[in-house]
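# Understanding the architecture of this molecule
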Amino acid sequence: MVFSSLIFICRFFPVFLTIYLLVSARYRNLVLFLGSLVFYAWGEPVYIGLMLFSTFLDYGNGRLLGYAKRTGRMHLAKGVLLESVVVNLSLLCLFKYAGVFLLPVGISFYTFQTMSYTIDVYRGETPVQTDFIAFGAYVSMFPQLIAGPIVKYKDVATELTHRTLSFSNGYYGIERFVIGLGKKVLLANQIGLLWEEIQKIPACEMTTLSAWLGSLAFALQLYFDFSGYSDMAIGMARMLGFHLKENFDYPYRARSITEFWRRWHISLGQWFREYVYIPLGGNRKGLLLQFRNLLIVWALTGIWHGKGMNFLVWGLYFGVLLILEKWFLLRWLQRIPAVWGHLYAMVAVIAGMTVFAIDRLGDGLVWIGMLFGSTGRWYDGRALWLLSGYGLLLLLGVIGSVGVGKKFCRYPLVWMMVFFLSMAYLVDASYNPFLYFRF
Amino acid sequence: MGEKKKEKLCCILFFVILYAMWIGDIISADRLYSEWEKRRLAQKPEFSYQAVVDGSYGEAYEKWLTDQFPERDYWVGIKNRCERLLGKKELKGIYIGKDGYLFSENVEIADWDKLERKMKERFGKEKVSRIYVPAAGAVLGEKLPNFVSFYGREDAVFAHLLAHKEEDIYYRTDHHWTMLGAYYAYEAWATEQGMQPLKLSEMEYRVLKEDFLGTHYGKIHYAKQMDVMELYRPKVTCEVVYDLGESKISGLYQEEHLKTEDAYRFFLDGNHGVVEIMMEEGEGHLAVIKDSYANCLIPFLTAHYGKITVIDPRYFRVDIGEWLSEREVTEVLILGQDTSKVSFADF
């Protein structure tokens, strides 16, 4: 099930929330766990076993780690940790990269979450969870199951057993959910139509303007799609009593790539930082080793997004830019007016997004060429036609993506209007062949 | 209102709205067909273990929920309005042009070229003629939204229509031409064939309907201006047999459709496989192989022949050539819309 669907908003969620609110506090984890299983099984009943397996396994691993540490068997603890990491990564590789199976929804997210649990237990940063239901509720928690944010176990450990429901949580949650829904349905899906249309243009009929429209559309679509999902997740989790960390912080305001990645998909960046970059030595062992570590982290970040070669290149591209920035670029950028920083960051991000968006690496590079005038034509009738039909929407998207109008959207009447319009767009979606979900 | 009170009120209101929509859905009966969207709506899916496991039940359920959502037409209307507000000039394949004109691409509904070849082989080249019906967008280029254009085959019919583009030769809200548009096409064709075309003044004129909303309107439920449907009636007496006598209707014009949403069916009762028209006087037997554009042009042809056999290849699935040659056909006219897709202005 996806959040931005009528079945979720008008059936699953009201029923789930009613039950969740009616039962006494000690059954809430059970309701959350079972509800999440129903949520997951609705679209993909086959893979529910895989998720349950992962849950059982790391619950067991946690208990075993606890036992090993209590009795001082550090070899056993190391072994269990290794086993947990190897099994989780093997599952991920087998289902995501081997190409034998269809990609199980959310696998990239929940394997990372369960790994964070065993690693943190091993490091002694969080106590062992002995309540299987509570652990199951953590792994399968439907708000973040499909597209994150990647919630580290220690961040919600307390709230898994002690959380409070209140109208003020509920209010914040609803508002946040509705804004996320609007981002997804009103902006991402609609701007996505433009990207679809531009992709259909034969290469020989492309112009510089159409290439830029396409790249801008994709960049906005990706941001609103993904951050909208995160908003909905954070909002719903808040209604249930959880405080999840922010996953996006207006990334298109960034003045450098370093800053961009501090603002984009924050939970993934932090995961890699905490469990890969710092264990590798981070920046404490000299510039050269730091650069090596950055390249490793960014190659992994790239691969995490998908199995295509373009994702690896995309990750390394950002890795290299980050290395350049740490080396000297950042100091330069600080000395020149801010506008140049924005410009540099935006061009670098949009070029990167293009490689991300286009499956075949060669085509992506050709596209980047088109952005910089390789077609020899600035614009044509089709580009102007698309600009006239989508210009206003793109403008709204650009304004929204840098956070102008944020306060305005928080007036109850405004976000209720957003909900109303989102419903209209969802009801008419059966008309719309382009609607798709990337994450 | 205090902050706490506002929060409480919003939470409760949200819940109430979600459940109210559900109750609304239960109360409102499922519809089989949407007049508004002109399509069958999804129905409640059959529950089966197999369908649940392979995920198809979930998908079908979602479709059902969406299609049968309470006040669906209202929601769809809201979305259309938003899109227009955002400046979109193309909705669901309909291009919103100037002066209230709506346009769409012409698609090929039958292989007219192949039919033409076959007929020429059987009846001889000089006995077969053809009218390509240009897309409204090709003739009324100036009414198209900016940057868009349609291809038009530059033949005599096209040129003649183009010369009359200031008149109402195409409907604003429907993909068809008006009877006036059909007349100009007929005039150009008849002249080319060496016939003396009827004059508009020789015909009986009547306004059929002043609030016609056609197929384009049906798709997007938006029109700036309603269409006037007119009739130019040649003074010819004839007898009409539909579907080889299987249909009870008779006459070239069917008044009862004027009150319905499908008012264009007034002409020749819309689409039939075969329609035979026998005139009181006149000579020759013309076969017209056609699509719906011909329906309002055929009345003009009745003045020139003793008999006209009208065939719509979509609804008459026999070997048309063989069938016609058994019926002493003297001439064949092929009339179908000219395929025309959107292209973009060049700079």
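As a starting point, this report considers the structure included with it.

Rules and cut-offs
Residues numbered from 1 in each chain as written. Chains lettered and ligands numbered in written order. Predicted model: local features only at pLDDT ≥ 70, side-chain atom pairs only at ≥ 80, totals over all residues. Heavy atoms only, no water. Helix = DSSP H or I, 4+ residues; strand = E, 2+ residues; numbered from the N terminus. Rg over C-alpha atoms; globule rule 2.2 N^0.38 Å. Areas by Shrake-Rupley, 256 points an atom, 1.4 Å probe, with all protein chains shown as cover. Lys, Arg positive; Asp, Glu negative; His and termini not counted. Charge placed at Lys NZ, Arg CZ, Asp CG, Glu CD. Pairing = 2+ DSSP bridges. Contact = heavy atoms within 4.5 Å. Buried area = accessible area lost by both parts, 1.4 Å probe. Salt bridge = Lys/Arg side-chain N within 4 Å of Asp/Glu carboxyl O. Polar contact = N/O pair within 3.5 Å; in protein donor to acceptor, adjacent residues only side chain to side chain. Nonpolar A, V, L, I, M, F, W, Y, C, P; charged D, E, K, R; others polar. Buried < 20%, exposed > 50% of the residue type's maximum accessible area, 1.4 Å probe, protein only.

Moving on: the overall build of chain A. Along the backbone of chain A there are 19 helices and 0 strands. The C-alpha radius of gyration of chain A comes to 23 Å, within 12% of the 22 Å expected for a compact globule of 439 residues. Taken along its principal axes, the extent of the C-alpha atoms in chain A is 70 × 55 × 45 Å. Carbon and sulfur atoms make up 69% of the accessible area of chain A, which amounts to about 17800 Å² in all. Between the centroid of the 38 positive side chains of chain A and the centroid of its 23 negative side chains there is a distance of 8 Å.

What follows is about the sheet that holds strand β4 (residues 94–96) of chain B. Residue and element names in this part refer to chain B. Spatially, β3-β4-β5 is the arrangement adopted by the 3 strands of the open sheet, whose pairing is antiparallel. In this open sheet, the two strands that pair with only one neighbour each are β3 (90–91) and β5 (102–103). Pairing analysis gives 2 bridges linking β4 to β5, with the strands arranged antiparallel. Opposite I96, over in β5, you have L102 as the bridge partner.

Turning our eyes to something else, we now look at the interface of chain A and chain B. Where interface size is given, it is often the accessible area lost as the parts come together that is meant. Each partner contributes to the interface: chain A provides 52 residues, whereas chain B provides 55 residues. Buried area between chain A and chain B, both sides added, is near 4700 Å², and the carbon and sulfur share of it is 74%. Counting across the chain A and chain B interface gives 3 salt bridges. B:K92 is the salt-bridge partner of A:D428, the closest N and O atoms lying 3.0 Å from each other. For the pair chain A and chain B, the number of links is 7 residue pairs in polar contact (both at pLDDT 80 or more). Here the side of chain A that touches chain B takes 11 residues from helix α19 (residues 412–427) of chain A, the largest share from any one element. Here the side of chain A that touches chain B is composed, by residue class, of 35 nonpolar, 11 polar and 6 charged.

All right, on to the pattern of salt bridges then. Residue and element names in this part refer to chain B. Scanning all chains against the criterion turns up 36 salt bridges over all chains. The shortest N-O distance in the salt bridge between E3 and K6 comes to 3.4 Å. Of the two residues, E3 and K6 both sit in helix α1 (residues 3–27), 3 residues apart, roughly one turn of that helix. A relative accessible area of 48% means that E3 is categorised as partly exposed. A salt bridge links E142 to K165; its shortest N-O distance comes to 2.9 Å. With E142 in the loop between α6 (136–139) and β7 (148–150) and K165 in the loop between α7 (156–163) and α8 (179–192), this pair connects stretches of sequence that are 23 residues apart. Overall, the relative accessible area of 53% leaves E142 in the exposed class. By relative accessible area, which is 24% here, K165 ends up partly exposed.

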